[in-house]
Structure formats: structure tokens, C-alpha cells
Amino acid sequence: MSEPASGRGLRVAEIAQLLEVDFRGDGDCLIESLASLSGAGPRSICFVSDAKYLVDLPACRAGAVLMRAADAVDCERTVILVDNPYLAYAKVSQWLHGAAPSQAGIHPTAVVMDGAEVCATAEIGPHVVIEAGASIGAEAVIGAGCYIGAGAKIGAGTRLAPRVTVLHGCEIGQHCRVLSASVIGADGFGFAPERGKGWQRIEQVGAVRIGDRVEIGACTTVDRGALDDTVIEDGVIIDNHVQIAHNVHIGKYTAIAGCVGIAGSTRIGQNCQLGGGSSVVGHLQLDDGVVVFANTFVTSSLKAGVYASATAAQPVADWRRNQPNLRQFHQLAKRMRQVFVKVCSDQNTTANSSE
Amino acid sequence: MSEPASGRGLRVAEIAQLLEVDFRGDGDCLIESLASLSGAGPRSICFVSDAKYLVDLPACRAGAVLMRAADAVDCERTVILVDNPYLAYAKVSQWLHGAAPSQAGIHPTAVVMDGAEVCATAEIGPHVVIEAGASIGAEAVIGAGCYIGAGAKIGAGTRLAPRVTVLHGCEIGQHCRVLSASVIGADGFGFAPERGKGWQRIEQVGAVRIGDRVEIGACTTVDRGALDDTVIEDGVIIDNHVQIAHNVHIGKYTAIAGCVGIAGSTRIGQNCQLGGGSSVVGHLQLDDGVVVFANTFVTSSLKAGVYASATAAQPVADWRRNQPNLRQFHQLAKRMRQVFVKVCSDQNTTANSSE
Amino acid sequence: MSEPASGRGLRVAEIAQLLEVDFRGDGDCLIESLASLSGAGPRSICFVSDAKYLVDLPACRAGAVLMRAADAVDCERTVILVDNPYLAYAKVSQWLHGAAPSQAGIHPTAVVMDGAEVCATAEIGPHVVIEAGASIGAEAVIGAGCYIGAGAKIGAGTRLAPRVTVLHGCEIGQHCRVLSASVIGADGFGFAPERGKGWQRIEQVGAVRIGDRVEIGACTTVDRGALDDTVIEDGVIIDNHVQIAHNVHIGKYTAIAGCVGIAGSTRIGQNCQLGGGSSVVGHLQLDDGVVVFANTFVTSSLKAGVYASATAAQPVADWRRNQPNLRQFHQLAKRMRQVFVKVCSDQNTTANSSE
């Protein structure tokens, strides 16, 4: 486990005050880190969001626990009483373990081309390359080895982890984070077939526009638009290995789990959730609030609702018996319908004849 | 949207001449950029490949439009008359927005090892590493932070975007493009199990050979061969997040969409198309012209034709009801067949008895 | 094909001695490289693990062949007689083609921060960044452009290919390999929803702990833990484009093929095998020895055994007919059961009435 940043502890009373809630017990207790119930020590704080973990509480050595008042009735230890322990845990994690402030300055091995604008309070790591016309906002952190293309803009307070690539003309808003090895603004996959001559490339003239407080994971790609821009609105969160093709538009607060692929020109609404491994074909519209389970294959536009398509693992012997049936399913279904009609009509005949 | 390169405009008459087609209207109209119908200005050119977009044309401010003569009959604006507007759009995009010529020279932060050959007209970006014995062809562009391994060869006019990795001994032909964060020639996944001792690595002795005019997206991997080479023929186009395992062979002009995985030693023919998210197991042969829909799982060799396998998203309530039936499908199918036989034989019996 | 390292040849008798087996024929024959049956020359060695390839042997120009005694009965060429030719091939590949020893030293373009410990025998490539508190073990090789975060530890003999990112506090054991563009220790995807305000980030306080002799492919991500660590035990092998989420635990000798995704907090046992493209949802337990076929979707904990779920490609005409039936499968299944009961009861009635 990585060490908490030294000197960033908070007392229980301070945490309760920041959360605007009550606490019971030792308000002076110094909390230096978050921990799991089993990994906690006297300067750690834990959370219990599910009552099933209450049984683990007596053995837990944490200095304090974030929990619901209803769960804490018989609890004699130091507790901070919250309505939503998971949300409180998130906030406390930021106060205790949030990234250190940017260290203003440009590392001597970084290459900043003439005509690039780097705010004096930004931190530019080793071996970064910033091309002409790019701009880096106040207190932004550009990790080691990042590439910022010509005319790209990185907003104030945004942090790029090491080895992020942002291509020319793309814009990332304020207080975003992009994790390592991700690529923002690679050319979209656009080619026109020419008979007998293969594929003619379509130059991708659009860029990528990313709003504020967007989080993008590692090894994720957001392609630049063909003509207009690919757009990701404020507060979107995106996990690792996600592919967002050219001219996709993703609405505010939508969450996209790992290994999702979204094909070109599809619009995903606000407050949607795409489960891990799901994929969405191109030129669709997913309305606000659509929820898609893991590994779902979306082939048509969807109204608000919950959707799924994947079949779960089964023992291989069953699977082998099912496979041939699945492939000739339409024949089985047809026979099934014939039989149903036959049996029903027999039944009717019988019924009639017995009248 | 990124700016078009200054000074690269073309007049309408010039575009028509390059396309070897006729135009109507103002041949002197200067066109500086491609645009969508809604985003166009007087120095933009648009295209209409589908008649359903003709209704948007009156409001479009473009200087000229690429369209079919049949669609342009009543159109009073400047039009360039083409048989295939989408293909014409691709070509015009290259003339207006194609990459600037390489800027000959090696950036002072690049590391070029003794014994590497870099053509004087090649452009080598900041923080590039070129190992001994590697060679970089004329007018090639090696983006910032690329790594070119020992003995690797990059052909004339080929462009590697920033942060591409090409490992030792791999060859990329002429006029190819590889986008950021892709890895050409990583070791194939080859291990032999040794009882009670886990896995013994099999050194991957082959390399990767890529033909001319091949396009490879971002975050894509093409593994080196175990003994012989992994091969990608001329004019193949490959999108982002694609995995091409060791000793795969991909035929000319084949197109591979995003998030596709192809397992070891499989041969994909020429002019194939693999839809996004599809996967192909190892040691198969896909004949020329095979088309595979998105998210298809290919487990056997395929003759020319169109194939699919994925099930589309449905409302989660339906999905929940279907799942248990799908898992015990073979039992259902068996009963179904019993019933069918029974009902048929009843029918026969009835038929016979009624004779 | 890449060249074998010069001067690393072995004589047939030496290879047999290293394998602790017998040979027949020319023990002095110098072997410099492994080759496929069709690509071999007189200084190559081949292997035959499947008797179906014996027909190709007469035309093969290899100096020696690794094969089973039973397959070599009538073979007059130089053979090394082994029980498991594939395993022998793996071992010989390491002796002939294993990586060259590390070249001790730190490239002048590498940035090693104060307080980092780099063993004198380690090889640190160009443009590497090693942050304060990190340590690099004996004879480790850190490829060009790698990033080693603060406090991270790289064990002795471990090799990172160019452009690997290891974030702060993560530990990689001895004799591991990580291939290009992979990211170890990116933040896990942890966010708590706050009504009307989107997502609150949960700082990821854990790290990644990787054991000895672990192999990790290219473009693969292993996320750091939320509170405790993400753990990969000794001897695990992982292919390209794999996503391992926060707090996953992977047991010894487990093999994970390309494009697999494993969601948070799932525990995979020892000696498991996950086929390419398979995915495992979070908070599950896969027991030791679970085998999952390619493209399988695992949604529940699994006992030792073999599992599958994916449906294979079919001609698109069949697929189109099957799709609507699959979506309304529960209705069909219901009717099917009604008919079955009806026909059975009819049968019973008939049977009874005929008594």
C-alpha cells in the first residue's frame, strides 16, 4: 500500500465539520489515512456502507468509522454519523489522499516549442513535449513523457498522468484527469472504398472537446472528429481501455466502465451508465438515463431504461449441447409454433367434439 | 475543430479537374476546408452522399458541394458533380487537409544510436529513440517519443504518430501510418506448461512485416511471430485497440474495426471486413471477402460470406426471463423434438386411422 | 525474421545434455537458431509435437529435430528425443534466443530523481524517468521511455520493454517482464454518485504488488487498489490488452489471454486459464483450476471446472432469423412447456383410456 502524504491528517471533529454531520467519541483523534476494516490502524478511518460488514467492526482497529446512525446505535467507538457512508468515504479520501498541489515549473528535459503558452503555476514533467500554439492552464500537471499537440488546450487544474498523448487542436477542460497511455485526438477510422484500389483515407478535420471535471482512465482512446468535433461533456467518468470513435457525443455525468467501445457518431445522453465490455454501434442515440449492463451489445437507439444482452458462463458440457440448438434456433422455433397451433387446434377439435 | 493548414486552398475548378469531373457554378470559388452541412462557411466544401440530406442543403453556407448529378438537378449553387460523393470527399480531404510535408531533421533531444540509418529527408521528433541497425526512409515522420528497435525498418513516407513503439527487427513499408500508443512487434504470448512449475516462456524469434499504405490506429498491438513473421499485407486498415497475435497473416485491403482480437496463426484473406469488437480464435483460415459483423465470435474457418453471432440488447426484464431458458436450451430443444415427433405421429396415426 | 544473437549457438550434444535426454546422429552439429519446419536451415533446430507434421519432415533442412522417440523410430536424421517436444522447444528457445544480459548503466538522457536507488548492474534506457524513492534491482532492464513512480520497486532481473509505466508505490518482483505501453498502478475506477452533482472521485490509496516471474503483455493495465493492494502472484502470465481492475487478486500460475477484463475485487485462483476476450464481473471468486473458454462472460463465482458462454459465428441469414426468436425466447419456452404438458397429459389420457 502506498504511504499517505505526510502532514495531511485531519482530526475526527474536523472531518465531521467538513461533512457537516455529527460525530460521537474522540473528536481529537488524528486520522491520517483511509483503510479497509481489516487493514486499519489507530490513525485510520473506515466506512461501513452495508450492514453485513458490522460483524467485522469489533476486530477493526480504526480510529474512527464513517457509518449510518442506525447502524451505530450500539457502537461504543468513535463514529462519524453520515447518511451515505460511501459518498462520505469518497470525500474523505480526497481530503486525506488527494494529489499534492502542482509544483510550478518546467522540467529541463521537457521540450516546449515557441508559441506554446504554459501558465507559470503549471507543472511540466520530464520529457514532456508541448507543441506550438498549445496552452497549459494554471496549476495543471502534465506528467512525464506526455505529448501536447499544436494548438491543444489543457484547462486549469487538469492533471495528465505520465505518457498521455493529446493531439493537435484538442481541448480538455478544467480539473480533469487523464491516466497513462491514453490518447486524445487520434485520427478517427474513416476511409472510403475505391473499387480495386483499397481504401482512401478521409482526413479527420475535427478535434476532441472535453468539458470540466472529466475523468479518463488508462489506455483509453477518444478519436478526433471527421468534420465536427467529438464531444465529452462535464463530469463524465470513463475507465480503462475504452474506445470512443469520431464524432461521438457523451452527455454530462455519464459513466463508462472498462473495455467499452462506442462507434462513430453515436450520441450517449446524460446520466447514462455503460457496463464494462459493452459496445454500441454507430449513429445511434441513447437517451438520458440509459443503463446498459456489462457486455451488452447495443445495435439500436434506446429510450431511458435498463438493457442487457450477454449470456452468462455455463459448464462447458451444457454449453456444447446448447450451441447447435442456438444456431438452428429459428427452425426449432418454427416447429414449436407449428406444434403449438396443432395442439391448440387439436384441443379445440377435442373440445368441440366433446360438446 | 482544428484549423485547416493555411495557404492550402483549392479553387472549385481545380478540385473538379483533380477529380476528373464536371462542375457547375463559380469555378473560381476558393475552398479552404471540408465541413459538415451545418458547420460550413463560404470557403468550405460539403458532400451529399445520401439524398436524405438534400433537405439540409438550402440552409448550408458552403461555397461548393460534392454531389451526384441526379441529386443536383434543381440545385442552383456551385456543385461538383461526382459519381461517388463519399469517395470524392475522401480525396478532397487529402488535398485540403493532408499532413504537412516532413520537416527534415533530427530533434536534438532524439537519441539515434550508432549504426542507425536515418534518411536526410526524414523528420525525427523530440525524445525519439532509434536503436542500432534501424533504418528510417525518405520523408518518413517519426513522432515525438517513438521507439524504433534495433534493426527495424520504417519505409519512405511512413508516418508514426507520437509515442509509437516498433520493436527490433520489425519492418513497416512505405506510406503507412501508425497512431499513438500502438506497439508493433511485442513478444507473442507463447508459453509451454511445465507440470508443477508453471509456464516456460517461448522466445519469440519472428518479427512483424507490414506492407505499404497500411493504416494502424491507436493503442493497437501487432505481436511478433514465434518462429516465422506476423504479416500484414499492403493497404490493410486497422482501427484502435486491435490485438493481432503472433503469426497472424492479414491479406491486402482487409479492414479491421476497433477492439477486434485475432488469435495466433490465423490467416485472414484479402478484402475481408471484421466488425468492431469481433474476435477470431487461433489457427483458422478466413477466405478472401469474408465479412464479419460487429461483436462476432469466429471459432471456425470461414468461406467468403457474411457472418454474425452477437445478440442485441433487450430490456433487462426480458433478458432476465430469457437467461435461464438459454442455459437449459438443450433440454428444451430435446423436449421440443419429442413433442414434435409425438404430435406428428399422432397426426399420422389419426391420418391413418381416418383412412 | 529477426537475427539470432551471434555467438550463442549450442551443439546438439549440449542441448541434449541441458535437457537431460538422449540424442541420435551428429552431436557436434552447431545449432544457432530455432525455426519452423519450412523455414529451417542446417544450423536450425525444429520441433514436432504433433505426429501430423511428420510428413513435412523429409523436406525440412533443419540440423536437428526435437521429437518423441516413438515418432522418431524411422527417422534417419539428427534427433533429440524428448517426452514433451513443445516444452523442450520452449527451453531451447530461451537458451538460443533469450535476451542479452543487461548492459549496466544509466543512459545520459534518463532522469533519475534524488533518492531513487538504482543497482549498479541495472540497465536504464534513454528517456527513462525514475522518481524519488523508487528502487531498481540488480540486472534489471528498464527500457527506453519507461516511467517508474515514486517509491515503486522493480525486482532483480526484471525487464520492462520500452514505454512501460509503473506508478508510485507499486512493486514488481524478480525476473518479471512487462511489455510496451502497459500501465501498472493507474488509479482504479472508483467514484461515488452524489445526487445531482455527478461523481465524487474515491482516491485510490492501495498499490499493485506483482510477484516473481510474472509476464505481462503490451497495452495491459493493472489498476492500483482502492484501499488494499491489487495482487498478482508468482508465475502468472498475462497477454495484451488485459484490464485488471482495482483489488483483483490473481493466483499463482494463472494464465490470462488477450483482451480479458476482470472487474474490481474479484479473486482468481491458482492455475486458472481465462480465454481471450473473456470477462469477469466484480466481487467474484474463481476457484483454483477454473478454465474459461474464449469470449466467456463470467457473472457468478465458479468452482473448478470448464466454462463457456459465447455463441459462434453463423451465416448472417441464419443469424437474422434467430435473433427475434432469441429475444422472445422466454415466451417460446413457456409455450413449449405448455405444449409438453398438454401432449404428455393427452398421452396419459390416451394411455389410460386404452387400458
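Here the structure is a predicted model, which means the values were calculated and not measured. (Residues numbered from 1 in each chain as written. Chains lettered and ligands numbered in written order. Predicted model: local features only at pLDDT ≥ 70, side-chain atom pairs only at ≥ 80, totals over all residues. Heavy atoms only, no water.)

Observations concerning the interface of chain A and chain C
Now for step 1: Contacts between the two partners involve 67 residues from chain A, matched on the other side by 74 residues from chain C.
Now for step 2: With both sides pooled, the region where chain A packs onto chain C buries about 6,000 Å², and carbon together with sulfur makes up 64% of that total.
Now for step 3: Across the chain A-chain C interface, the total number found is 3 salt bridges.
Now for step 4: Put simply, E215(A) and R201(C) hold a salt bridge, and the shortest N to O gap is 2.7 Å.
Now for step 5: At the junction of chain A with chain C, the criterion picks out 25 residue pairs in polar contact (both at pLDDT 80 or more).
Now for step 6: The dominant element in the side of chain A that touches chain C, judged by the number of residues it contributes, is helix 4 (residues 329-353) of chain A, at 9 residues.
Now for step 7: Taken together, the residues that form the side of chain A that touches chain C break down as 36 nonpolar, 23 polar and 8 charged. (Contact = heavy atoms within 4.5 Å. Buried area = accessible area lost by both parts, 1.4 Å probe. Salt bridge = Lys/Arg side-chain N within 4 Å of Asp/Glu carboxyl O. Polar contact = N/O pair within 3.5 Å; in protein donor to acceptor, adjacent residues only side chain to side chain. Helix = DSSP H or I, 4+ residues; strand = E, 2+ residues; numbered from the N terminus. Nonpolar A, V, L, I, M, F, W, Y, C, P; charged D, E, K, R; others polar.)

Structural notes on unusual backbone geometry
Residues and elements named next belong to chain A.
Now for step 1: A positive phi is found at N247, a non-glycine position, where the angle reads about 70°.
Now for step 2: Its location among the elements puts N247 in the loop between strand 29 (243-244) and strand 30 (249-250).
Now for step 3: With relative accessibility at 19%, the residue N247 sits in the buried group. (Buried < 20%, exposed > 50% of the residue type's maximum accessible area, 1.4 Å probe, protein only.)

Topic: the relation of the copies chain A and chain C
Now for step 1: The two copies are related by a screw operation: chain A maps onto chain C through 120° of rotation and 0.0 Å of translation along the axis, at an RMSD of 0.1 Å. Expressed as an axis order, the relation between the two copies is that of a three-fold axis. (Least-squares fit on C-alpha atoms with pLDDT ≥ 70 in both.)

Looking at the pattern of salt bridges
Residues and elements named next belong to chain A.
Now for step 1: Per the counting criterion, the structure on display carries 30 salt bridges over all chains.
Now for step 2: Where E203 meets R201, a salt bridge forms, and the shortest distance between an N and an O atom there is 3.2 Å.
Now for step 3: The class for R201 is buried, based on a relative accessible area of 18%.

A look at the interface of chain C and chain B
Now for step 1: With 68 residues of chain C at the contact, the number on the chain B side is 74 residues.
Now for step 2: Both sides together, the interface formed by chain C and chain B hides about 6,000 Å², and carbon and sulfur atoms give 64% of it.
Now for step 3: Linking chain C with chain B are 3 salt bridges, by the criterion used here.
Now for step 4: When the shortest N-O distance is used, the salt bridge between K91(C) and E194(B) registers 2.8 Å.
Now for step 5: Taken together, the links from chain C to chain B amount to 25 residue pairs in polar contact (both at pLDDT 80 or more).
Now for step 6: Listed by contribution, the elements that provide at least two residues to the side of chain C that touches chain B are helix 2 (85-97), strand 28 (237-238), strand 31 (255-256), strand 40 (314-315), helix 3 (316-327) and helix 4 (329-354) of chain C.
Now for step 7: With 9 residues, helix 4 of chain C is the single largest residue contributor to the side of chain C that touches chain B.
Now for step 8: For the side of chain C that touches chain B, the class distribution of residues is 36 nonpolar, 24 polar and 8 charged.
Now for step 9: In terms of strand pairing, strand 39 (residues 305-308) of chain B meets strand 40 of chain C through 2 bridges, oriented antiparallel. Bridge assignment links Y307(B) to a residue of strand 40 of chain C, and that residue is P315(C). (Pairing = 2+ DSSP bridges.)

A short note on the packing of aromatic side chains
To describe a pair of aromatic rings, one takes the distance between the centres and the angle between the planes.
Now for step 1: Tallied over the full model, the rule gives 15 aromatic pairs over all chains.
Now for step 2: Centre to centre, the rings of Y86(B) and Y89(B) are 5.9 Å apart; their planes meet at 50°, and the pair counts as tilted. Of this pair, Y86(B) and Y89(B) are both found in helix 2 (residues 85-97), 3 residues apart, which corresponds to roughly one turn of the helix.
Now for step 3: In this structure Y89(B) comes out as buried when scored by relative accessible area, which is 3%.
Now for step 4: Ring geometry for F189(C) and F191(C): centres 5.3 Å apart, planes at 70°, overall edge-to-face. (Phe/Tyr/Trp six-rings, centres within 6.5 Å; stacked < 30°, edge-to-face > 60°.)

Details of the environment of V12(B)
Residue and element names in this part refer to chain B.
Now for step 1: Along the polypeptide, V12 turns up in helix 1 (residues 12-19).
Now for step 2: Separated by 16 residues in sequence, V12 and D28 place their C-alpha atoms 6.0 Å apart.
Now for step 3: Those residues in contact with V12 that sit more than four places away from it in its chain are F23, D26, G27, C29, I31, A64, T78 and I80.

Let's talk about the side chain of S93(A)
Now for step 1: Its location among the elements puts S93(A) in helix 2 (residues 85-97).
Now for step 2: Taking relative accessible area as the criterion, S93(A) reaches 0% and is therefore assigned buried.
Now for step 3: Apart from residues lying up to four places away in sequence, S93(A) is in contact with L34(A), G98(A), R201(C), I202(C) and E203(C).

Here we look at the sheet that holds strand 14 (residues 141-142) of chain A
Now for step 1: Ordered by their spatial adjacency, 12 strands build an open sheet running 8(A)-11(A)-14(A)-17(A)-20(A)-25(A)-28(A)-31(A)-34(A)-37(A)-39(A)-40(B), and the pairing between neighbours is mixed. Two strands lie at the open edges of the sheet, namely strand 8 (105-106) of chain A together with strand 40 (314-315) of chain B, each paired on one side alone.
Now for step 2: Bridge count between strand 20 (residues 177-178) of chain A and strand 25 (residues 215-216) of chain A: 2 bridges; the pairing is parallel. When the bridges of strand 25 of chain A are listed, R177(A) appears paired with E215(A).

Digging into the confidence of the model for chain A
All names here are of chain A.
Now for step 1: Looking at chain A, pLDDT values average 92 and 95% of them are 70 or higher.
Now for step 2: Here residues 1-6 is modelled with pLDDT under 50, and outside its nearest four sequence neighbours on either side it reaches 13 contacts, counting other chains as well.
Now for step 3: Across the interfaces of the predicted complex, the ipTM metric reaches 0.93, alongside a pTM of 0.94. (pLDDT = per-residue confidence, 0-100.)

Comments concerning the nonpolar core
All names here are of chain C.
Now for step 1: Residues I148, L160, V166 and I184 are the most contacted members of the largest nonpolar core, which totals 51 residues.
Now for step 2: Among the secondary structure elements, those contributing two or more residues to this core are strand 24 (208-210) and strand 37 (290-292).
Now for step 3: Those residues within four positions of V166 in sequence are excluded, and the remaining contacts are Y147, I148, G149, A152, I154, L160, I172 and I184. (Core = buried A, V, L, I, M, F, W, Y, C linked by side-chain atoms within 4.5 Å.)

Quick word on the packing of helix 1 (residues 12-19) of chain C against helix 2 of chain C
All names here are of chain C.
Now for step 1: Contact pair helix 1 / helix 2: the axes reach a minimum separation of 11 Å and the direction vectors enclose 120°. Relative to helix 2, the element helix 1 lies oblique. Crossing of helix 1 against helix 2: the hand is right-handed. Along the contact surface, helix 1 presents I15, L18 and L19, while helix 2 presents A88, K91, V92 and W95.
Now for step 2: Broken down by class, the residue content of the contact of helix 1 with helix 2 amounts to 6 nonpolar, no polar and 1 charged. (Axes fitted to C-alpha atoms, helices over the stretch in contact; angles between N-to-C directions. Parallel < 35°, antiparallel > 145°, perpendicular 65-115°, else oblique. Left-handed = near helix turned anticlockwise from the far one by under 90°.)

Some remarks on the pairing of strand 5 (residues 44-48) of chain C
Residues and elements named next belong to chain C.
Now for step 1: Burial runs high along strand 5: 5 of the 5 residues are buried.
Now for step 2: Residues S44, C46 and V48 point to one face of strand 5 and I45 and F47 to the other, with burial holding for every one of them.
Now for step 3: With 2 bridges joining them, strand 4 (residues 33-34) and strand 5 adopt parallel strand pairing. Considered in strand 5, the bridge of L34 is made with I45.

A word on the state of the cysteines
Now for step 1: For the structure shown, the criterion picks out 0 disulfides over all chains.
Now for step 2: With no disulfide of its own, C46(B) has C60(B) as its nearest cysteine by sulfur position, at a separation of 3.7 Å.
Now for step 3: Residue C259(B) stays outside any disulfide, its sulfur separated by 8.5 Å from that of C259(C), the closest cysteine. (Disulfide = S-S within 2.5 Å.)

As for helix 2 of chain B
Now for step 1: In this model helix 2 of chain B runs 17 Å from its N-terminal to its C-terminal C-alpha over 13 residues, within 8% of the 18 Å that 1.5 Å per residue would give.
Now for step 2: Taken as a whole, helix 2 of chain B has its buried residues at P85(B), L87(B), A88(B), Y89(B), A90(B), V92(B), S93(B), L96(B) and H97(B). (Expected span 1.5 Å × (residues − 1).)

A short note on the environment of S38(C)
Residue and element names in this part refer to chain C.
Now for step 1: Here S38 is to be found in the loop between strand 4 and strand 5.
Now for step 2: Note on S38: relative accessible area 70%, which makes it exposed.
Now for step 3: A C-alpha to C-alpha distance of 33 Å links S38 and T220, two positions 182 residues apart in sequence.

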